[in-house]
Amino acid sequence: MMERRTRPDRAKAVAVNAAIAMAEEKGREAAAVFLEDAGVPLPVIARVLSEPEKRRAEDQRI
């Protein structure tokens, strides 16, 4: 399967980057709630917050 390198939904991309920054300040739980409210799918939330090595290169690093 080919890995997608760009996000088709810019609003979710912005939410992911904001949540990565939020996780450092307010914790992963708060960031997860924020992402869920933004409509980000649960598998993506888990990957972004629990597996930083699997984030896309353009995501901010915490």
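Everything that follows concerns the structure shown earlier in this document.
Residues numbered from 1 in each chain as written. Predicted model: local features only at pLDDT ≥ 70, side-chain atom pairs only at ≥ 80, totals over all residues. Heavy atoms only, no water.

**Considering the nonpolar core**
For step 1, the next point in the chain: If you look at the biggest cluster of nonpolar residues, it comprises 11 residues: Ala15, Val16, Ala19, Ile20, Ala23, Ala31, Leu35, Val40, Ile45, Val48 and Leu49.
For step 2, the next point in the chain: Within the residue set of this core, elements represented by two or more residues are α1 (10–26), α2 (28–37) and α3 (42–50).
For step 3, the next point in the chain: Each residue touching isoleucine 45, except ones within four places of it in the same chain, is listed here: Ala32, Leu35, Glu36 and Val40. (Core = buried A, V, L, I, M, F, W, Y, C linked by side-chain atoms within 4.5 Å. Buried < 20%, exposed > 50% of the residue type's maximum accessible area, 1.4 Å probe, protein only. Helix = DSSP H or I, 4+ residues; strand = E, 2+ residues; numbered from the N terminus. Contact = heavy atoms within 4.5 Å.)

**Overview of the pattern of salt bridges**
For step 1, the next point in the chain: Going through the model one piece at a time under the given rule, you end up with 1 salt bridge.
For step 2, the next point in the chain: Note that lysine 12 and aspartate 9 form a salt bridge whose closest N and O atoms lie 2.9 Å from each other.
For step 3, the next point in the chain: Using a relative accessible area of 29% as the deciding quantity, one classes aspartate 9 as partly exposed. (Salt bridge = Lys/Arg side-chain N within 4 Å of Asp/Glu carboxyl O.)

**Quick notes on α1**
For step 1, the next point in the chain: Over its 17 residues, α1 runs 23 Å from end to end, which matches the ideal 24 Å to within 8%, given 1.5 Å per residue.
For step 2, the next point in the chain: Buried within α1 are the following residues: Ala13, Ala15, Val16, Asn17, Ala19, Ile20 and Ala23.
For step 3, the next point in the chain: Tucked inside the fold, the buried residues of α1 contact α2 and α3.
For step 4, the next point in the chain: Capping the start of α1 is the job of one residue whose side-chain oxygen sits 3.1 Å from the backbone nitrogen of alanine 11: aspartate 9.
For step 5, the next point in the chain: At the C-terminal side of α1, glycine 27 shows a positive phi close to 100°. (Expected span 1.5 Å × (residues − 1). Polar contact = N/O pair within 3.5 Å; in protein donor to acceptor, adjacent residues only side chain to side chain.)

Take it as geometry only, folks, not as evidence of what the structure does.
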